[in-house]
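# Observations on the model geometry
One letter stands for each residue in the lines below.
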Amino acid sequence: MKKNKCKKWAALFSCIALTIFSITSCGNKDSSQDSSDSSDLYIYNWAEYIDPEVLTMFEKETGIQVHYDEFETNEIMYPVIEAGAISYDLVCPSDYMIQKMIENDLLAEINFDNIPNFSNIDEAQLTSAKEFDSENKYSVPYCWGTVGILYNTTMVEEAPDSWAVLWDEKYKDNILMQDSVRDAFGITLKYLGYSLNSVTESQLQEAKELLIEQRPLVQGYVVDQVRDKMIGNEAAIGVIYSGEVLYCQQENDDLAYVIPKEGSNVWLDCWVIPKNAQNKENAEAFLNFLCKPEIAVKNFEYITYATPNKAAKELLAEEYQTNPAVFPPESILSKCETFHYLGQEAEELYNSLWKEVRSK
Amino acid sequence: MNKTFFKKYFISGPYLFWMIAFTIIPICLVIYYGLTDKSGTFTLQNIMSITTPEHFKALWLSLLLSLASTVICLLLAYPLAMILKGLSVNKNSFIVFIFILPMWMNFLLRTLAWQTILEKNGVLNTLLEILHLPSLNIINTPYAIIFGMVYNFLPFMVLPIYNVLIKIDDNVIHAAKDLGANSVQTFFKIIFPLSIPGVISGITMVFIPSLTTFVISNLLGGGKIYLIGNIIEQEFTTAYNWHLGSGLSMVLMVFILLNMILTFKFDKGEGGAVL
């Protein structure tokens, strides 16, 4: 009897010990967050948007410890930065979100003296960055690309060239849409012949109706899963960011990419430093590291998103430099638009219309 | 007297702290956000917005799906618990162990695995194809969500019922049989009434998480099926409207409270069975 009791106590004790151990071992990792030790760098980036080896190389070269977190959409990232509970040193939002962050005074000016390699960035990209960062003070371009249609050549009857294919009854249950307000509406507005920065309520209502009409045809609303599902032949047509195309084609030969004739969205993701960053200089050191041509090339080969780094582009294989999916020609780009931040009121309108679409 | 008073509060101190810090204060915050708008003035609009068609539909669908999965869980769990009760001690603890085993793995991973299994070209359909059977298209439908709920929450139904059943004194059952009750009568007059606290607790533990889930519907519904949990999650993340999100959460709390009231009503004096 007594022995039994002993056993019970031992079991209880080991349970408690295990719990405490697991709590503290988690805690250790996070506790470094509070210390403003100057050898840390907190990065908040899109999922799978950097070669992890680049991070290791940077850590080795500088001795700075990188803490790396990921987000899935701009809209998820924004409240995290605004709430400021975690102070990141570097974030990588897209164009319109950078504009919103600048307007809401969330970003710090970057000290470009610390980033001599910035001169490698293509002048053309800096010009387009002026659309959201009028004096190029807050952002360092990282990747750019378009939004288009990835299709499986064995599953479509003819190669699509228009957004209309997303409303084609033939592909019922074979269409993957982006689960992101601006992308979904942007595509539809372009298809209707409007600007993808429209704030006219009647145009948006029209787009909403069209998206509702499309709903029964859509297999799913996803973000990063488009890639895996298209590779796995789960769907015939998917809306995708151009940077994913090379990877998809490597994994599945039947996939092809097109930027529809109506035009599309051309986007530019840039690194920015939030106002409450604790390790601004480390962030700038990292940006300088990223702008090195050989690092940018290494990174490109991993993430396959077009780089705005001129010097790096010249180092790329010829097939990449001329691939219209990666670096589209000017004739196509001229039909594409950049997203702008539309203000809080328009944002709420977009969100409520999108909710109507999604919960229909 | 004073000493026992002190002792009582000293012992409950950690729990009181926990409850105030992680339950009371957050709920107060939700109520504050739910009853104010962006400028901080009082409004009932966040709560009233449940009547808009898209919110109401999501709530209705959530209620329906969680009700369905609770019923299915109950139908699966009760017989299983009865079987477990009938087994010898060693055997039943082994089966209970098997039941808890999947919970050692992360809930998200398990749901993600079901996505891969149920997909159009997933594991299940490949198997069916090999067997020359028609393929099943349940991914991205409400059925897939019910399936996910049942799969994830079944242990929460089995365990409380099993715990109650195992505690029923065999002598009570023998007495019933001695007095001439057949096994059907024994079940309905003795076993089932005695197991009600476990059933109620199981229902609560399946119904509430099913009602509030957004992960299962997101992963197995392909983002096409919007439950009230998804709407609230979207309000807090993408739409960044914490006020509306809190208002809708308060509406959801009403349903949870209703469920709790029912639990207490059925469970008077038998609190021990409620996990």
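To start, this report covers the structure provided alongside it. If you're wondering where the values come from, they're calculated on a predicted model, not measured in any experiment.

### A word on the overall build of chain B
- Counting secondary structure elements, chain B contains twelve helices and zero strands.
- Element order for chain B, N to C, with α for helix and β for strand: α-α-α-α-α-α-α-α-α-α-α-α.
- Overall size of chain B, expressed as C-alpha extent along the three principal axes, is 75 × 70 × 30 Å.
- A separation of at least 24 residues holds for 71% of the contacts in chain B among residues at least 6 apart in sequence.
- Surface accessibility of chain B: about 15800 Å² in total, with carbon and sulfur atoms responsible for 75%.
- Charge centroids of chain B, computed over 15 positive and 11 negative side chains, lie 8 Å from each other.

### Some words on the interface of chain A and chain B
- At the junction of the two partners, chain A supplies 26 residues and chain B supplies 21 residues.
- Buried area between chain A and chain B, both sides added, is near 2100 Å², and the carbon and sulfur share of it is 43%.
- Area buried by chain A at its contact with chain B is led by Glu234(A), Lys355(A) and Arg358(A), which between them contribute 28% of it.
- At the junction of chain A and chain B, the tally comes to three salt bridges.
- Glu348(A) is paired through a salt bridge with Lys38(B); the nearest N and O atoms lie 2.9 Å apart.
- In this assembly, chain A and chain B are joined by 17 residue pairs in polar contact (both at pLDDT 80 or more).
- Every element with two or more residues in the side of chain A that touches chain B is listed here: helix H3 (74-83), strand E7 (218-222), helix H8 (225-231) and helix H15 (344-358) of chain A.

### Focus: the packing of helix H6 (residues 181-191) of chain A against H15(A)
All names here are of chain A.
- Where H6 contacts H15, the axes come no closer than 10 Å and their chain directions differ by 85 degrees. On the basis of their axis angle, the class for H6 and H15 is roughly perpendicular. Between H6 and H15, the contacting residues are Val 181, Arg 182, Ala 184, Phe 185 and Leu 189 on the first element and Tyr 350, Asn 351, Leu 353 and Trp 354 on the second.

### Things to note about the pairing of strand E5 (residues 139-152) of chain A
Residue and element names in this part refer to chain A.
- The buried count for E5 comes to 14 of 14 residues, which makes it a mostly enclosed element.
- Across seven bridges, E5 lies against strand E10 (residues 266-274) in antiparallel orientation. When the bridges of E10 are listed, Gly 145 appears paired with Trp 267.
- The pairing of E5 with strand E8 (residues 237-241) spans five bridges and is classified as antiparallel. Following the sheet pairing, Leu 150 is matched in E8 by Gly 238.
- Pairing geometry for E5 and strand E9 (residues 255-258), over four bridges, is antiparallel. When the sheet's bridge partners are listed, Leu 150 is paired in E9 with Tyr 257.

Parameters at a glance
- Every residue gets a number counted from 1 within its own chain, in the order that chain's sequence is written.
- All chains are assigned letters beginning at A, and all ligands numbers beginning at 1, according to the order in which they are written.
- Side-chain atom pairs in this predicted model are given and counted only at pLDDT of 80 or more, local residue features only at pLDDT of at least 70, and totals for whole chains, interfaces and linings cover all residues.
- Side-chain measures here rest on the full set of heavy atoms in the structure, leaving out hydrogens and waters.
- Per the convention used, a helix needs a DSSP run of H or I reaching at least four residues, while a strand needs a run of E reaching at least two, with both numbered from the N terminus.
- A contact between two residues is defined here by any heavy atoms of the two lying within 4.5 Å.
- Shrake-Rupley sampling with a 1.4 Å probe provides the accessible areas, and residues are treated as covered by the protein chains on show and by no other component.
- Within this scheme the basic residues Lys and Arg register as positive and the acidic residues Asp and Glu register as negative, but His and the chain ends are omitted.
- Where a charge lies is defined by one atom per residue type, namely NZ (Lys), CZ (Arg), CG (Asp) and CD (Glu).
- Here's the idea: put two parts together, see how much 1.4 Å probe accessible area each one loses, and the total over both is what we call buried area.
- By definition, a salt bridge exists where a carboxyl oxygen of Asp or Glu is found within 4 Å of a side-chain nitrogen of Lys or Arg.
- In protein, a polar contact means a hydrogen-donor-capable atom and an acceptor-capable atom, both N or O and within 3.5 Å, with residues adjacent in sequence counting only if both atoms are side-chain atoms; elsewhere, any N or O pair within 3.5 Å suffices.
- Only C-alpha atoms enter the line fits that serve as axes; for helices the fit covers just the stretch in contact. Angles between N-to-C directions range over 0 to 180 degrees.
- Roughly parallel means an angle under 35 degrees; roughly antiparallel, over 145; roughly perpendicular, 65 to 115; everything else is oblique.
- Working definition: with a 1.4 Å probe on protein chains only, accessible area under 20% of the residue-type maximum means buried, over 50% means exposed, and in between means partly exposed.
- One requirement defines pairing of two strands: DSSP has to find at least two bridges between them.

That's the geometry; what it means functionally is another story.
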